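Letter by letter, the chains look like this.
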Amino acid sequence: MFEYAQTFPVDFTETSAAIKDGCTIKDGSYMSPYGGNVPAYLIVPHKNGPFPAVIYMHPGQGSRTTFIAEAEFLASKGIASLLLDAPFLRRAVPQELSAEQRAANLLEVITDIQLFKQTIVDIQRGIDLLTCLDYIDPNRLAYVGHSFGATWGGVLAGVEKRVKAYALIAGYSRSSEWHRTSNHPLATFIRHSLSTEQFHNLVVELEQLDGIHYIKNASPASVLFQFACNDEFVSQKQADEFYAAACPPKEMIWYETDHLFTKGTCAAAHQDRTNWIINHIS
């Protein structure tokens, strides 16, 4: 399902660079096997390599900028990072759309199974890129994903064996179940916008991509699960299932915050996650 040509070019094309205190942020892209380019930031510490590295995938409400502050902090500890834009952010959307057209565009994006598969492959190509850089240690790689990034990170963990540690923040164990049963307005919008047959086909395809089927194969990689007590998307049942399906070594931590970790104990979540990454790959 996630096969791609290993000989596909993986060069990083740098368009600009910003020198920061302790690191360089390279703005550029690399080619996707699905076509087009993957916009990415490559953050390199001002220290002697080879460096361990983290690959980041943002939540659906974010972009590759979401984790820049965290990546800069890790750079101060001698850890490089690659931060990607998800495939759905690369679709050109006309500026002037009616409300009906915007809704149709949203529906198309959030029900496109190919975009989900491309996400996994583009992350794997990002890992290919990191392992080709002489200043990156290919044996010390970690992955961090939040929401969208955590849901598909759970799938990645079952098919990608070069990553030593995964940190999955507020991800779904079964995205298909959310579509079937959630009362969230977004889930309701999808169910009401598709025909019975279209919705059935969507759920059937999503079931094959549910992270619970893949996370059990993450071992020997370590997995850190971070969940929010006040999550409007991910239920405690989904969280508990995700954790239960994973094999050791694993850890689960709950925080008094929201789905996007913007309130309450989000600072503690950042500290726990960065300490965990440093302990596992530095």
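To be clear, the structure that these remarks concern was listed above.
Reading the values: the criteria
- Note on numbering: residues in each chain are counted from 1, in written sequence order.
- Since the coordinates come from a predicted model, pLDDT governs what is reported: local features require at least 70, and pairs of side-chain atoms require 80 or more to be given and counted, while whole-chain, interface and lining totals use all residues.
- Computation of side-chain values: all heavy atoms of the structure, hydrogens and water removed.
- We call a set of buried Ala, Val, Leu, Ile, Met, Phe, Trp, Tyr and Cys residues a nonpolar core when their side-chain atoms join them within 4.5 Å.
- Working definition: with a 1.4 Å probe on protein chains only, accessible area under 20% of the residue-type maximum means buried, over 50% means exposed, and in between means partly exposed.
- A run of DSSP states H or I qualifies as a helix once it reaches four residues; a run of E qualifies as a strand once it reaches two. Both are numbered from the N-terminal end.
- Charge counting follows a simple rule: Lys and Arg are positive, Asp and Glu are negative, and His as well as the terminal groups are ignored.
- Every case where a carboxyl oxygen of Asp or Glu lies within 4 Å of a side-chain nitrogen of Lys or Arg is listed as a salt bridge.
- Here, two residues are considered to be in contact whenever any of their heavy atoms come within 4.5 Å of each other.
- The criterion for strand pairing is that DSSP finds at least two bridges linking the strands in question.
- Expected span of a helix: the number of residues minus one, times 1.5 Å.
- A 3.5 Å cut-off defines polar contacts: any pair of N or O atoms within that distance qualifies, except that in protein one atom must be a possible hydrogen donor and the other a possible acceptor, and neighbouring residues in sequence count only when both atoms are side-chain atoms.
- Axis lines are fitted to C-alpha atoms, over the contacting stretch for helices. Their N-to-C directions set the angle, which ranges from 0 to 180 degrees.
- Any angle between 65 and 115 degrees counts as roughly perpendicular, while under 35 counts as roughly parallel, over 145 as roughly antiparallel, and the rest as oblique.
- Helix crossings get a hand from a simple test, with the near helix turned counterclockwise from the far one by less than a right angle marking a left-handed crossing and a clockwise turn marking a right-handed one.

(A) The arrangement of the nonpolar core in detail. Core analysis: the largest hydrophobic core is formed by 67 residues, its most contacted members being Leu 82, Leu 84, Leu 130, Tyr 143, Tyr 166, Leu 168 and Ile 215. With nine residues, helix 3 (residues 113-132) is the largest single contributor of residues to this core. Val 54, Leu 74, Ala 170 and Ile 281 belong to the second-largest nonpolar core, a separate cluster that totals 29 residues.

(B) Highlighting unusual backbone geometry. A cis amide bond links Ser 219 with the next residue in sequence, Pro 220, at an omega value of 15°. By the secondary structure assignment, Pro 220 is in the loop between helix 7 (196-207) and strand 8 (222-230). Omega for the peptide link from Pro 248 to Pro 249 comes to 5°, which places this bond in the cis form. Turning to its location among the elements, Pro 249 is positioned in the loop between helix 8 (236-245) and strand 9 (250-258). A positive phi angle, near 55°, is found at Ser 147, a position not held by glycine.

(C) Spotlight on the side chain of Lys 117. Of note, Lys 117 is situated in helix 3. Glu 205 is the oppositely charged side chain nearest to the buried, salt-bridge-free Lys 117, at an N-O distance of 5.2 Å. When neighbours within four sequence positions are excluded, Lys 117 is seen to be in contact with Met 1, Phe 2, Tyr 34 and Leu 209.

(D) The pairing of strand 6 (residues 136-146), seen in detail. In terms of residue burial, strand 6 counts as a mostly covered element, since eight of its eleven residues are buried. Taken together, the six bridges between strand 4 (residues 51-57) and strand 6 define a ladder with parallel strand orientation. If you follow Tyr 56 over to strand 6, its bridge partner there is Val 144. Relative to strand 7 (residues 165-169), strand 6 runs parallel, the two being bridged by five bridges.

(E) Highlighting helix 4 (residues 148-159). Along its twelve residues, helix 4 runs 17 Å from first to last C-alpha, staying within 8% of the 16 Å computed at 1.5 Å per residue. Within helix 4, eleven of the twelve residues are buried, leaving the element largely enclosed by the surrounding structure. Within the sequence span of helix 4, burial applies to Phe 148, Gly 149, Ala 150, Thr 151, Trp 152, Gly 153, Gly 154, Val 155, Leu 156, Ala 157 and Gly 158.

(F) Representation of the environment of Asp 258 within the structure. Secondary-structure assignment places Asp 258 in strand 9. Each C-alpha atom, one on Asp 258 and one on Asp 231, is 5.0 Å from the other, the two residues being 27 residues apart in sequence. When residues no more than four places from it in sequence are discounted, the contact partners of Asp 258 are Ala 228, Asn 230, Glu 232 and Lys 263. Among the polar contacts made by the side chain of Asp 258, one reaches the side chain of Thr 257 at a distance of 3.1 Å.

(G) How the structure looks around the packing of helix 1 (residues 68-76) against helix 9 (residues 266-281). Packing of helix 1 against helix 9 leaves a shortest axis separation of 11 Å and a crossing angle of 40°. By the angle between their directions, the pair helix 1 and helix 9 is classed as oblique. Between helix 1 and helix 9 lies a crossing of right-handed hand. For the pair helix 1 and helix 9, the contacting residues are Glu 70, Phe 73 and Leu 74 in the first and His 270, Arg 273, Thr 274, Ile 277 and Ile 278 in the second.

Without other data, these values stay purely geometric and don't point to any function.
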